[in-house]
Amino acid sequence: MSMAVHASIGDALYALPEPSGRTSSVSTLLRLRTCAALGTALARTRHEPGATDADMARVVYAVYFHVTNTLMSDARALQEAESYWRRIQKEPLRAGLLWLQTLPARITTRPPHTHGWGLRGLRADAEAKCSRLRRARAATVRALGMLVMAWYASETQPVSERTSYLCRVGCDAMSYDEHVDAKASLDVAAAALLDAVAMHESGVSRVLQACGVPGLWTHAWPLVIVYPLISWAAATLVYRHGADIFAQITTAWDAVQGLVVGWIYVPAMRLLDTLRAGRKERALLVRRDSLVADEQSLERMVEALGRDTLHMNASQLAALAERTRTGDLTQVWQVYESAMRAPLRGFLSGSLLRTLLIQVQKAKVDLEVALSGIDWLLKSQELLLGAVGLAPALALVYLLYAGLRRSVRWVSGRKLSLHASGIVQARFEAWQALRHADKLCADDADDASKLGYLLLDASTLRTALHILIRHACMGHHTMRTRLLDEVEADISALECGHLSRDGWSGRAHLLTRMWHSWGQLIRVP
């Protein structure tokens, strides 16, 4: 229901004086969900000695809180039922399936030779039900608009006058047969309002019972009836061709097992092992310990050369070791170049041979470093190939699941819910709600009906935009909160029931701004 209207009713309830005697409190009244419970609260207030007009107003306001929410729910239920019968009219296959599902009821109500017994009669019934549902929805929406307009129009009236006015408008909105006089006492007017609400709920219940979506038993009974026949045929078939069927089942099971285990489970476990291992060694070209040992050996060989040939002290040897770890062997190459000027003397002194061995060790370390890089590259490619190999199997499983789910929903006649159908459906719902609201501003219908339909569209728009914003701002809590506040401010302004001379033109300007503000978010691909 409109959050703006409910917030206004809640504020008005808490602004009333405290309950007197044993009359119901605000928190108790807001928890009541049926006309019978509200009638009990009204009776307690009427028979409580010393009850004030504020006590009676508290009950009437709670009735408004209940009835506005009920009218919104009723309008949605009527709309869903009408959409169902519209699909029956437009889809021959669905109409044929429903004809089979409703066959027993049609046989008992119409002889087979009558015109209404066949598929054409089913479509005629669907058209009649659509018309009845459309009229009931129009009356419900108009009643909702009248109640909201009356609530906002009576804001400046004293409590007793406002309560009496709300009761009279409520009875008129729900076409209550008995006229409530303006001079009637508050308890009589409140009782009439509750009777009107109960009468309306009963009428909507009758319409939905006669024209609503068929129940689960209607959809399921062919399967229940056919199941024993299918079971008997299956048992006979298994008895006669048991070996062949068992072989086919085994083959199908092997295929499923190969898909789930061989193409999904095992690759997924390998992928997890690769992710868990990280840089740990597993069938590497070069072991990490081997590389560390060779680097330390090179460092010791350079330090020995610096100590024996270059006669370095401790600090110079430490600096030489640090440069060796970074790959700088300039001083070693200088010794090598000096020995090469007199190769024979350098060979006899051992400096040439030591520098050559250091070069060999350095080349070995460089080679192991290069192979370590290749190891890491191979492991990263292993991760990539594992993910690529897993993707097709997951896609196939998802397609099978989605197809089975859609088939079940189609057979059961259920409409995909907003959350189940995803972001695209939410965008379509938001776009459709804004488009309907735009058309209402230019419509010539009475203000009550226009406001009622607008409240329905605003409620749909609020739900869809909340889904889209949460999806778009995933991980950005502050941005999501700010955008949701802006959406709520726009929709609350759209729902406001004050209808001045330029009220609908003001809403048209607001809708134009909402198209500019949220159009990119609700763009349907």
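The structure reproduced in this document is the subject of the present report. Since we're looking at a predicted model, the values are computed, not measured. (Residues numbered from 1 in each chain as written. Predicted model: local features only at pLDDT ≥ 70, side-chain atom pairs only at ≥ 80, totals over all residues. Heavy atoms only, no water.)

## Notes on a nonpolar patch on the surface
Among the surface-exposed residues, Trp253, Val256, Val260, Val261, Tyr265, Met269 and Leu272 lie close enough to one another that they form a single nonpolar patch of about 650 Å² accessible area. On the secondary structure map, Val256 appears in helix H11 (residues 242-277). Given a relative accessible area of 43%, Val256 falls into the partly exposed group. (Patch = residues over 30% accessible without salt bridge, like charges linked within 9 Å, V, L, I, M, F, W, Y side chains within 5 Å. Areas by Shrake-Rupley, 256 points an atom, 1.4 Å probe, with all protein chains shown as cover. Salt bridge = Lys/Arg side-chain N within 4 Å of Asp/Glu carboxyl O. Helix = DSSP H or I, 4+ residues; strand = E, 2+ residues; numbered from the N terminus. Buried < 20%, exposed > 50% of the residue type's maximum accessible area, 1.4 Å probe, protein only.)

## Considerations on the packing of aromatic side chains
All chains considered together, the criterion is met by four aromatic pairs. Look at Tyr84 and Trp85: their rings are 5.1 Å apart centre to centre, the planes differ by 80°, and that puts the pair in the edge-to-face class. Assessed through its relative accessible area of 3%, Trp85 is described here as buried. Within the aromatic cluster, the residues linked to one another by ring pairs are Tyr61, Tyr64 and Trp151. In this arrangement the basic side chain of Arg162 is found over the ring face of Trp151, its NZ or CZ atom lying 3.9 Å from the centre. Over the ring of Trp504 we find Lys450; its NZ or CZ atom is 4.4 Å from the centre of that ring. (Phe/Tyr/Trp six-rings, centres within 6.5 Å; stacked < 30°, edge-to-face > 60°. Lys NZ or Arg CZ within 6 Å of the ring centre and 35° of its normal.)

## Quick word on the pattern of salt bridges
Counted by the stated rule, this structure contains ten salt bridges. Across the salt bridge formed by Arg22 and Glu48, the nearest N and O atoms sit 3.5 Å from each other. Here Arg22 is found in the loop between helix H1 (3-15) and helix H2 (26-30), whereas its partner Glu48 is found in the loop between helix H3 (35-46) and helix H4 (53-90), with 26 residues between them in sequence. Glu48 sits in the buried class, given a relative accessible area of 12%.

## Quick word on helix H18 (residues 447-472)
The terminal C-alpha atoms of H18, which comprises 26 residues, lie 36 Å apart, in line with the 38 Å expected from a rise of 1.5 Å per residue. Within H18, 19 of the 26 residues are buried, leaving the element largely enclosed by the surrounding structure. (Expected span 1.5 Å × (residues − 1).)

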